[in-house]
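# Working through the structure, step by step
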Amino acid sequence: MSFEHEIAEAAELIKQCHCLVALTGAGHSTASGIPDFRSPESGLWERADPMAVASVWAFRQDPGAFYQWMRPLVRTMLDAKPNAAHLAMAELERMGLLKAVITQNIDNLHQRAGSQKVYELHGHMREATCVRCYKVYPAEPLLEPLLAEGRVPYCACGGALKPNVILFGEQLPIRVFNAALLEAKRSDLFLVAGSSLEVIPAADIPFVAVSNGAKGIIVNFQPTDFDRHAEVVIHGDVTQVLPAIVAALA
Ligand SMILES: [Zn+2]
(Lines give C-alpha, C1' and ligand atoms only; values in the text may rest on other atoms or scores of the structure.)
Protein backbone atom coordinates (compact mmCIF):
# COMPACT_ATOMS: atom_id res chain seq x y z
CA MET A 1 0.00 0.00 0.00
CA SER A 2 0.99 3.63 -0.33
CA PHE A 3 2.30 5.73 2.56
CA GLU A 4 4.74 2.93 3.46
CA HIS A 5 7.43 5.34 4.51
CA GLU A 6 5.05 7.46 6.62
CA ILE A 7 3.55 4.38 8.27
CA ALA A 8 7.00 3.13 9.26
CA GLU A 9 7.84 6.56 10.60
CA ALA A 10 4.61 6.72 12.62
CA ALA A 11 5.27 3.27 14.07
CA GLU A 12 8.78 4.34 15.04
CA LEU A 13 7.47 7.45 16.84
CA ILE A 14 4.92 5.30 18.71
CA LYS A 15 7.65 2.86 19.77
CA GLN A 16 9.77 5.68 21.10
CA CYS A 17 7.10 7.68 22.91
CA HIS A 18 6.05 7.37 26.55
CA CYS A 19 2.51 8.66 26.30
CA LEU A 20 0.42 8.46 23.15
CA VAL A 21 -3.03 10.07 23.09
CA ALA A 22 -5.40 10.16 20.10
CA LEU A 23 -8.22 12.40 18.88
CA THR A 24 -10.81 11.03 16.46
CA GLY A 25 -13.56 12.78 14.55
CA ALA A 26 -16.32 12.10 12.05
CA GLY A 27 -13.90 10.67 9.46
CA HIS A 28 -13.12 7.83 11.85
CA SER A 29 -16.70 6.53 11.61
CA THR A 30 -17.55 7.27 7.97
CA ALA A 31 -16.54 3.74 6.96
CA SER A 32 -19.08 2.47 9.51
CA GLY A 33 -21.79 4.34 7.61
CA ILE A 34 -22.22 7.17 10.09
CA PRO A 35 -22.78 10.52 8.39
CA ASP A 36 -20.75 13.50 9.53
CA PHE A 37 -23.17 15.15 11.94
CA ARG A 38 -21.92 18.66 11.28
CA SER A 39 -21.01 18.47 7.62
CA PRO A 40 -23.28 20.15 5.05
CA GLU A 41 -22.44 17.29 2.64
CA SER A 42 -23.80 14.62 4.97
CA GLY A 43 -27.34 14.93 3.63
CA LEU A 44 -28.60 15.33 7.19
CA TRP A 45 -29.31 18.97 6.67
CA GLU A 46 -31.06 18.76 3.32
CA ARG A 47 -34.36 18.23 5.05
CA ALA A 48 -33.81 20.49 8.02
CA ASP A 49 -32.01 23.57 9.25
CA PRO A 50 -29.64 22.45 12.04
CA MET A 51 -30.47 25.41 14.25
CA ALA A 52 -34.18 24.73 13.79
CA VAL A 53 -34.06 21.10 14.98
CA ALA A 54 -30.73 20.22 16.59
CA SER A 55 -30.05 23.23 18.77
CA VAL A 56 -30.78 23.24 22.46
CA TRP A 57 -33.32 26.06 21.98
CA ALA A 58 -35.18 24.18 19.27
CA PHE A 59 -35.22 21.05 21.40
CA ARG A 60 -36.86 22.85 24.31
CA GLN A 61 -39.50 24.30 21.99
CA ASP A 62 -40.26 21.22 19.94
CA PRO A 63 -38.69 17.92 21.06
CA GLY A 64 -40.95 16.11 18.57
CA ALA A 65 -39.29 17.79 15.57
CA PHE A 66 -35.86 16.97 16.97
CA TYR A 67 -36.70 13.29 17.42
CA GLN A 68 -38.32 13.04 14.01
CA TRP A 69 -35.06 14.30 12.50
CA MET A 70 -32.92 12.17 14.84
CA ARG A 71 -34.81 8.92 14.31
CA PRO A 72 -33.04 7.65 11.14
CA LEU A 73 -29.69 8.69 12.60
CA VAL A 74 -30.37 6.69 15.77
CA ARG A 75 -31.21 3.64 13.66
CA THR A 76 -27.98 4.11 11.66
CA MET A 77 -25.91 4.38 14.84
CA LEU A 78 -27.45 1.31 16.47
CA ASP A 79 -26.89 -0.74 13.30
CA ALA A 80 -23.32 0.50 12.76
CA LYS A 81 -20.32 -1.70 13.48
CA PRO A 82 -16.83 -0.63 14.53
CA ASN A 83 -14.52 -0.48 11.51
CA ALA A 84 -10.85 -1.40 11.12
CA ALA A 85 -9.77 2.02 12.42
CA HIS A 86 -11.74 1.57 15.68
CA LEU A 87 -10.28 -1.93 16.08
CA ALA A 88 -6.75 -0.59 15.50
CA MET A 89 -7.23 2.05 18.21
CA ALA A 90 -8.45 -0.60 20.65
CA GLU A 91 -5.48 -2.79 19.74
CA LEU A 92 -3.02 0.06 20.38
CA GLU A 93 -4.50 0.43 23.86
CA ARG A 94 -4.32 -3.33 24.52
CA MET A 95 -0.68 -3.29 23.41
CA GLY A 96 -0.08 -0.73 26.17
CA LEU A 97 0.87 1.95 23.65
CA LEU A 98 -2.19 4.21 23.60
CA LYS A 99 -3.18 6.01 26.79
CA ALA A 100 -6.57 7.41 25.77
CA VAL A 101 -8.87 8.20 22.87
CA ILE A 102 -10.53 11.60 22.80
CA THR A 103 -13.42 11.57 20.35
CA GLN A 104 -15.81 14.04 18.76
CA ASN A 105 -18.12 11.15 17.84
CA ILE A 106 -21.28 10.16 19.69
CA ASP A 107 -21.65 6.69 18.17
CA ASN A 108 -20.11 4.52 20.93
CA LEU A 109 -18.03 2.65 18.32
CA HIS A 110 -14.69 3.04 20.13
CA GLN A 111 -16.12 1.31 23.20
CA ARG A 112 -17.76 -1.37 21.08
CA ALA A 113 -14.39 -2.01 19.43
CA GLY A 114 -12.88 -2.55 22.89
CA SER A 115 -11.34 0.82 23.77
CA GLN A 116 -11.43 1.35 27.54
CA LYS A 117 -10.39 4.95 28.04
CA VAL A 118 -12.56 7.16 25.85
CA TYR A 119 -13.35 10.83 26.34
CA GLU A 120 -16.54 11.72 24.47
CA LEU A 121 -16.34 15.46 23.92
CA HIS A 122 -19.74 15.68 22.22
CA GLY A 123 -21.53 13.32 24.57
CA HIS A 124 -23.17 9.98 23.80
CA MET A 125 -26.50 8.25 23.26
CA ARG A 126 -26.39 5.90 26.24
CA GLU A 127 -28.36 8.22 28.49
CA ALA A 128 -30.96 10.95 28.29
CA THR A 129 -31.61 13.83 30.68
CA CYS A 130 -34.87 15.58 31.54
CA VAL A 131 -34.73 19.20 30.39
CA ARG A 132 -36.92 20.22 33.35
CA CYS A 133 -35.70 18.33 36.46
CA TYR A 134 -32.36 16.98 35.08
CA LYS A 135 -33.10 13.39 36.07
CA VAL A 136 -30.91 11.02 34.02
CA TYR A 137 -32.40 7.93 32.36
CA PRO A 138 -30.69 5.05 30.54
CA ALA A 139 -31.48 5.64 26.88
CA GLU A 140 -31.84 2.05 25.69
CA PRO A 141 -35.46 1.45 26.85
CA LEU A 142 -36.45 4.79 25.29
CA LEU A 143 -35.00 4.07 21.87
CA GLU A 144 -37.24 1.19 20.82
CA PRO A 145 -40.54 3.13 21.23
CA LEU A 146 -38.86 6.04 19.46
CA LEU A 147 -37.69 3.92 16.54
CA ALA A 148 -40.85 1.83 16.26
CA GLU A 149 -43.52 4.51 16.78
CA GLY A 150 -41.65 7.81 16.81
CA ARG A 151 -42.66 8.23 20.45
CA VAL A 152 -40.94 11.19 22.16
CA PRO A 153 -39.50 10.16 25.55
CA TYR A 154 -40.77 12.09 28.59
CA CYS A 155 -39.72 12.20 32.23
CA ALA A 156 -42.14 11.35 35.05
CA CYS A 157 -42.25 15.12 35.75
CA GLY A 158 -43.50 15.85 32.22
CA GLY A 159 -40.27 17.30 30.85
CA ALA A 160 -38.88 16.00 27.57
CA LEU A 161 -35.81 13.74 27.75
CA LYS A 162 -32.85 14.95 25.74
CA PRO A 163 -30.15 12.46 24.73
CA ASN A 164 -26.81 13.25 26.38
CA VAL A 165 -25.32 14.49 23.13
CA ILE A 166 -24.16 18.05 22.74
CA LEU A 167 -26.58 19.99 20.59
CA PHE A 168 -25.78 23.22 18.78
CA GLY A 169 -25.65 26.05 21.29
CA GLU A 170 -24.61 23.80 24.17
CA GLN A 171 -21.33 23.81 26.07
CA LEU A 172 -19.14 20.73 25.89
CA PRO A 173 -19.23 18.61 29.07
CA ILE A 174 -16.66 20.58 31.04
CA ARG A 175 -15.27 17.75 33.19
CA VAL A 176 -14.77 15.49 30.18
CA PHE A 177 -13.19 18.33 28.21
CA ASN A 178 -10.79 19.25 31.02
CA ALA A 179 -9.79 15.63 31.58
CA ALA A 180 -9.13 15.24 27.84
CA LEU A 181 -7.09 18.42 27.83
CA LEU A 182 -5.00 17.11 30.71
CA GLU A 183 -4.28 13.89 28.78
CA ALA A 184 -3.23 15.98 25.80
CA LYS A 185 -0.88 18.06 27.93
CA ARG A 186 0.69 14.94 29.44
CA SER A 187 1.17 13.25 26.06
CA ASP A 188 4.50 13.27 24.25
CA LEU A 189 2.94 11.98 21.03
CA PHE A 190 -0.48 13.05 19.74
CA LEU A 191 -2.31 11.20 16.98
CA VAL A 192 -5.19 12.84 15.08
CA ALA A 193 -7.27 10.35 13.08
CA GLY A 194 -10.26 11.16 10.90
CA SER A 195 -10.80 14.71 12.02
CA SER A 196 -10.50 17.83 9.90
CA LEU A 197 -10.20 19.80 13.15
CA GLU A 198 -12.87 22.27 12.19
CA VAL A 199 -15.04 22.14 15.30
CA ILE A 200 -13.65 24.07 18.24
CA PRO A 201 -12.83 23.70 21.09
CA ALA A 202 -12.13 20.01 20.32
CA ALA A 203 -9.95 21.09 17.41
CA ASP A 204 -7.67 23.02 19.77
CA ILE A 205 -6.63 19.93 21.72
CA PRO A 206 -3.86 18.68 19.36
CA PHE A 207 -2.40 22.19 19.27
CA VAL A 208 -2.30 22.24 23.07
CA ALA A 209 -0.44 18.92 22.97
CA VAL A 210 2.23 20.11 20.53
CA SER A 211 2.67 23.43 22.29
CA ASN A 212 3.41 21.36 25.40
CA GLY A 213 6.17 19.52 23.56
CA ALA A 214 4.36 16.53 22.05
CA LYS A 215 5.14 15.28 18.57
CA GLY A 216 2.24 14.89 16.14
CA ILE A 217 0.86 12.35 13.69
CA ILE A 218 -2.20 13.05 11.57
CA VAL A 219 -4.17 10.66 9.40
CA ASN A 220 -6.98 12.43 7.55
CA PHE A 221 -8.17 12.62 3.95
CA GLN A 222 -8.08 16.41 3.79
CA PRO A 223 -5.21 18.67 4.77
CA THR A 224 -5.68 20.48 8.09
CA ASP A 225 -4.04 23.34 9.97
CA PHE A 226 -2.37 20.74 12.17
CA ASP A 227 -0.36 19.28 9.27
CA ARG A 228 2.50 21.75 9.57
CA HIS A 229 2.83 20.94 13.29
CA ALA A 230 2.96 17.18 12.78
CA GLU A 231 6.03 14.99 12.23
CA VAL A 232 4.01 12.54 10.15
CA VAL A 233 1.13 13.60 7.84
CA ILE A 234 -0.87 10.96 5.98
CA HIS A 235 -3.72 12.07 3.72
CA GLY A 236 -5.21 8.61 3.59
CA ASP A 237 -7.97 6.32 4.78
CA VAL A 238 -7.91 5.69 8.54
CA THR A 239 -9.31 2.17 8.05
CA GLN A 240 -6.22 1.25 6.02
CA VAL A 241 -3.54 3.39 7.61
CA LEU A 242 -4.20 2.68 11.31
CA PRO A 243 -4.21 -1.12 10.95
CA ALA A 244 -1.01 -0.80 8.90
CA ILE A 245 0.62 1.16 11.72
CA VAL A 246 -0.48 -1.49 14.23
CA ALA A 247 0.93 -4.21 11.96
CA ALA A 248 4.24 -2.34 11.74
CA LEU A 249 4.40 -2.31 15.56
CA ALA A 250 3.78 -6.01 16.04
ZN1 LIG B 1 -38.08 15.52 34.84
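## Observations concerning the overall build of the protein
Counting secondary structure elements, the protein contains ten helices and nine strands. Here the protein has a C-alpha radius of gyration of 19 Å; the compact-globule value for 250 residues is 18 Å, and the two agree. Summarising its shape, the C-alpha atoms of the protein cover approximately 55 × 35 × 30 Å along the three principal directions. Out of the 250 residues belonging to the protein, those deemed buried represent 52%. Considering only contacts within the protein whose residues lie at least 6 apart along the sequence, 69% involve residues at least 24 apart. Looking at the protein as shown, the accessible area adds up to about 11,800 Å², and 53% of this sits on carbon and sulfur atoms.

## Observations regarding the sheet that holds strand 5 (residues 136-138)
Ordered in space as 5-4-6, the three strands form an open sheet in which the pairing is antiparallel. The open sheet has two free edges, formed respectively by strand 5 and strand 6 (161-165), since each of these has just one partner strand. The mean angle between the axes of side-by-side strands here comes to 40°, regardless of whether they run parallel or antiparallel. With three bridges connecting them, strand 4 (residues 123-130) and strand 5 associate as antiparallel partners. What sits directly across from Thr 129, in strand 5, is Val 136. Those strands touched by helix 4 (residues 63-79) are strand 4 and strand 6, and its axis lies near 45° from that of strand 6. Docked against the sheet, helix 7 (residues 140-149) engages strand 4, strand 5 and strand 6, running at close to 70° with respect to strand 5.

## Re the nonpolar core
Core analysis: the largest hydrophobic core is formed by 28 residues, its most contacted members being Met 89, Leu 191, Ile 217, Leu 242 and Ile 245. Secondary structure elements with two or more residues in this core: helix 1 (4-16), strand 1 (20-24), helix 5 (84-94), strand 2 (98-103), strand 7 (189-193), strand 8 (215-219), strand 9 (232-234) and helix 10 (238-249). At seven residues, the largest contribution of residues to this core is made by helix 10. Once residues within four sequence positions are removed from consideration, Leu 191 is found in contact with Leu 20, Val 21, Ala 22, Leu 23, Met 89, Ile 217, Val 219 and Leu 242. Within the second largest apolar cluster, 25 residues are counted, among which are Cys 19, Leu 121, Leu 172 and Phe 226.

## As for the side chain of Ser 115
Along the chain, Ser 115 falls in the loop between helix 6 (109-113) and strand 3 (118-120). On the basis of relative accessibility, which here comes to 5%, the residue Ser 115 falls in the buried class. Beyond its immediate stretch of four places on either side in the chain, Ser 115 contacts Met 89, Ala 90, Glu 93, Val 101 and His 110.

## Focus: the packing of aromatic side chains
All chains considered together, the criterion is met by five aromatic pairs. Residues Phe 59 and Phe 66 carry aromatic rings whose centres are separated by 5.1 Å and whose planes lie at 75° to one another, so their mutual orientation is edge-to-face. By the burial criterion, Phe 59 is buried, and Phe 66 matches it. Aromatic side chains Phe 66 and Trp 69 sit 6.2 Å apart centroid to centroid with 50° between the ring planes, which places their arrangement in the tilted category. Taken together, the residues Phe 66 and Trp 69, both in helix 4 and three residues apart, mark about one turn of the helix. Every member of this aromatic cluster is reached through a ring pair, and the members are Phe 59, Phe 66, Tyr 67 and Trp 69.

## Details of the coordination of the zinc ion
Coordination of the zinc ion by the protein involves Cys 130 (SG), Cys 133 (SG), Cys 155 (SG) and Cys 157 (SG), with metal-donor separations of 2.3 Å. One way to put it: the four donor atoms around the zinc ion meet at angles of 102 to 117°, and that makes the site tetrahedral. In primary-sequence terms, the residues that donate to the zinc ion follow C-x2-C-x21-C-x1-C. Here Cys 133 is found in the loop between strand 4 and strand 5, whereas its partner Cys 155 is found in the loop between helix 7 and strand 6, with 22 residues between them in sequence. Judged by relative accessible area, which is 39%, Cys 133 ranks as partly exposed. Overall, Cys 155 belongs to the buried group, its relative accessible area being 8%.

## Quick notes on the packing of helix 1 against helix 10
As a packed pair, helix 1 and helix 10 sit with axes 9 Å apart at the nearest point and diverge in direction by 60°. In terms of orientation, helix 1 and helix 10 fall into the oblique class. At the point where helix 1 passes helix 10, the crossing takes the right-handed sense. Between helix 1 and helix 10, the residues in contact are Ile 7, Ala 10, Ala 11, Ile 14 and Lys 15 and Val 241, Ala 244, Ile 245, Ala 248 and Leu 249, respectively. Partitioned by chemical class, the residues of the contact of helix 1 with helix 10 number nine nonpolar, no polar and one charged.

Rules and cut-offs
- Residues numbered from 1 in each chain as written.
- Predicted model: local features only at pLDDT ≥ 70, side-chain atom pairs only at ≥ 80, totals over all residues.
- Heavy atoms only, no water.
- Helix = DSSP H or I, 4+ residues; strand = E, 2+ residues; numbered from the N terminus.
- Rg over C-alpha atoms; globule rule 2.2 N^0.38 Å.
- Buried < 20%, exposed > 50% of the residue type's maximum accessible area, 1.4 Å probe, protein only.
- Contact = heavy atoms within 4.5 Å.
- Areas by Shrake-Rupley, 256 points an atom, 1.4 Å probe, with all protein chains shown as cover.
- Pairing = 2+ DSSP bridges.
- Axes fitted to C-alpha atoms, helices over the stretch in contact; angles between N-to-C directions.
- Core = buried A, V, L, I, M, F, W, Y, C linked by side-chain atoms within 4.5 Å.
- Phe/Tyr/Trp six-rings, centres within 6.5 Å; stacked < 30°, edge-to-face > 60°.
- Donors = N, O, S within 2.8 Å, 3.2 Å for Na, K, Ca; no water.
- Tetrahedral: all angles 85-135°; square planar, octahedral: opposite > 155°, others 65-115°.
- Parallel < 35°, antiparallel > 145°, perpendicular 65-115°, else oblique.
- Left-handed = near helix turned anticlockwise from the far one by under 90°.
- Nonpolar A, V, L, I, M, F, W, Y, C, P; charged D, E, K, R; others polar.

In short, geometric facts, not functional conclusions.
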